[in-house]
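Here are the chains, one letter per residue:
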Amino acid sequence: MKSGETGQLAGKNVLLGVTGGIGAYKAAYLVRELQRQGAVVSVVMTESATRFIAPLTMETLSGHPVGLDMFSLTEERTIGHIDRAGWADVFLVAPATANYIGKAACGIADDLLTTITLAVTCPVVLAPAMNSRMWAHPAVRKNLETLVQRGVYVVWPGEGELACREEGPGRLAETGDIVKTVAGCFEAGDLSDIRVLITAGPTREPLDPVRFISNRSSGRMGFALAKAAVRRGARVQIISGPVEVAAPAEASVRRVNTAREMLSQIEQVLPDSDWLVMAAAVADFAPSSVHKDKVKKGDMLELTLTLARNPDILETLKPFKGGRLFVGFAAETRDMLENARKKAKEKGLDLIVANDVSGQETGFETDENSGVILDQGDLAEEVPRMTKLQMADRILDAALKVWKEKGN
Ligand code: CTP
C-alpha cells in the first residue's frame, strides 16, 4: 500500500458518475483523492456534465476511458454499460443534480449514467449539489427520501456561499467527507460480535375495532439504526410498531401494535441481546377499555375517553438489564437536555439521544435529524442536522465506545 492509502479503498473499483452542475469541476479533485487512497477510478459523465468539465480532464486524471454515450458503438463495444456496472465495487455520483436524483428515484434510464444506476448491485453513494431553493423543494426531498430508503448513502451538501451567489445549503460536500463515506462502504464490521435489539415506530392503542390512539413516529430513525448496525456487522433484531419503512433484509423483524405487545416481545428477545436501543415512540397511555364493537356517535355531542397508563418499557426492564447496554431517546419540545438527563437516570440508560421534535425539518416524519447524545457522565455530543442514517452511525459509535468502556 502506498503512503496515504487507507485500507478500505486500496484496490477498490470506484465508478464515479458526474452530472451537470457547477460542482462538477470538484469531481477532478475527487478522482485524485480516491486514487490517493488506493482506489481505481473510472468516470461516467452526463452530457450536461461535459459542459462544466472536459471529459479529457477526467480521462487523463482517471487513466480510464470516460463513459459518455449509451449509443456509441466504440464505447459499448469496448466496455458496455452492464460491464461498467459489474466492474464497480462502489458507485459514487458527485455532484448529483436534482435532475439526476429525480431520475434515479423514478428508475428512468435515458442516458448512460442513469442506465448504469439501474444496473449496479454495489453500494451507491450520492453527493447532491444544487441551489438551496432547489435543495429545499419537496420533490427533491421526496426523491432523496426514496433513494435513502432503498439503501443509498447520501453525503449531505454543505452550507455557505453557492456559485449562484446565494447563501444556504446545497454546496457539494467536502472531498474528504465524500471519500470517507465511500470508504465507509468497505469498513469491516466493528459491531460483528454484538447482538442489537432495536425498537422502532409508534405503538397503536386501540379504542374499538376501527380506531386507535397513536403518534407521529415514522420508524425511520429506528430502521436507520438497524440498517447502520447491519452494515457494521451486528446481528439485528427489530421490534416495530406499524410503519411503512422497509427493514434491511439481514435483520429479523417482529411486528407489534400496542405498548404491551412490544414489552412482551422485548422480554422474549432481551435474553439473547447485548444492546437494547429503544427508538420506538411508545404510547404512555391507552384507552382503559377497548370496545368490542365500533363506538356509535348516536346523539352524543361529546365523548370522554378514559386512558390508563401503559407500562414504561425501559423502567420495567431496568431490573433485568444485567451487563447489557441500554440506549434510549428523549423526544422533547422544551428543556431538552434537562429532561433527557432525568429520563436517562430514571430509566437506567447508558446513553440517551435527545432531540427537539418541535421543528418541521428534523424529528418526526422526516429523513433528517439532529440532537445531542448524552452519556451518564458529562459527555454531550452535539449531532448537527444530517440524515437519519448518518446520525445512526454517530449513535452506534457512541454506544460502542461506552460498551468498550464497560469492559467488553
Ligand atoms: N419509553 C418506554 N416506555 C414507554 C415510553 C417511553 O420504554 N412507555 C422509552 C422510549 O422508547 C424512549 C424513552 O423511553 O427511548 C423516552 O421516551 P419519551 O417518549 O421521550 O419519554 P417518556 O418516558 O414517555 O416521558 P414523557 O412522555 O413524559 O416525555
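What counts, and at which threshold
Residues numbered from 1 in each chain as written. Predicted model: local features only at pLDDT ≥ 70, side-chain atom pairs only at ≥ 80, totals over all residues. Heavy atoms only, no water. Pairing = 2+ DSSP bridges. Helix = DSSP H or I, 4+ residues; strand = E, 2+ residues; numbered from the N terminus. Axes fitted to C-alpha atoms, helices over the stretch in contact; angles between N-to-C directions. Parallel < 35°, antiparallel > 145°, perpendicular 65-115°, else oblique. Contact = heavy atoms within 4.5 Å. Nonpolar A, V, L, I, M, F, W, Y, C, P; charged D, E, K, R; others polar. Domains from an automatic or database assignment. Buried area = accessible area lost by both parts, 1.4 Å probe. Salt bridge = Lys/Arg side-chain N within 4 Å of Asp/Glu carboxyl O. Polar contact = N/O pair within 3.5 Å; in protein donor to acceptor, adjacent residues only side chain to side chain.

1. Let's talk about the pairing of strand β6 (residues 158-161)
Inference 1: As judged from the four bridges shared by β6 and strand β7 (residues 167-171), these two strands associate in the antiparallel manner. For glycine 158, the partnering residue across the bridge sits in β7 and is arginine 171.

2. Structural notes on the packing of helix α1 (residues 26-36) against helix α3 (residues 55-62)
Inference 1: Contact geometry of α1 with α3 gives a least axis separation of 10 Å together with a crossing angle of 5°. Relative to α3, the element α1 is oriented roughly parallel. The residues of α3 that touch α1, namely those facing Ala27, Ala28, Val31, Arg32 and Gln35, are Met58, Leu61 and Ser62.
Inference 2: Per-class residue counts for the contact of α1 with α3 are five nonpolar, two polar and one charged.

3. Brief notes about the sheet that holds strand β11 (residues 235-240)
Inference 1: Spatial ordering of the open sheet is given by β12-β11-β8-β13-β16-β17-β18-β19, a layout of eight strands whose pairing is mixed. Across the chains shown, the open sheet's two edge strands, defined by having one partner strand only, are β12 (252-255) and β19 (380-387). Shown here is a sheet whose adjacent strand axes are inclined to one another by a mean of 20°, direction ignored.
Inference 2: Bridge count between strand β18 (residues 368-375) and β19: six bridges; the pairing is antiparallel. Residue pairing for β19: glutamate 368 is matched across the bridge by threonine 387.
Inference 3: This element, helix α12 (residues 259-269), spans β8 (195-200), β11, β12 and β13 (275-278) of the sheet and lies at about 160° to β11.
Inference 4: Helix α14 (residues 336-346) rests against β16 (325-332), β17 (351-356), β18 and β19 of the sheet, and its axis sits at about 150° to β17.

4. Here we look at the domain arrangement of the protein
Inference 1: Taken domain by domain, the protein consists of domain 1 (13-184) and domain 2 (195-405).
Inference 2: A C-alpha centroid distance of 35 Å is found between domain 1 and domain 2.
Inference 3: Taken together, the contacts link nine residues of domain 1 with eleven residues of domain 2.
Inference 4: Of the roughly 960 Å² buried at the junction of domain 1 and domain 2 (both faces included), carbon and sulfur atoms supply 47%.
Inference 5: Linking domain 1 to domain 2 there are two salt bridges.
Inference 6: For the salt bridge of arginine 220 with glutamate 145, the shortest nitrogen-to-oxygen distance reads 3.4 Å.
Inference 7: Across the domain 1-domain 2 interface, the total number found is four residue pairs in polar contact (both at pLDDT 80 or more).
Inference 8: For the side of domain 1 that touches domain 2, the leading source of residues is helix α9 (residues 138-149), giving four residues.
Inference 9: Residues of the side of domain 1 that touches domain 2, tallied by class, amount to five nonpolar, two polar and two charged.

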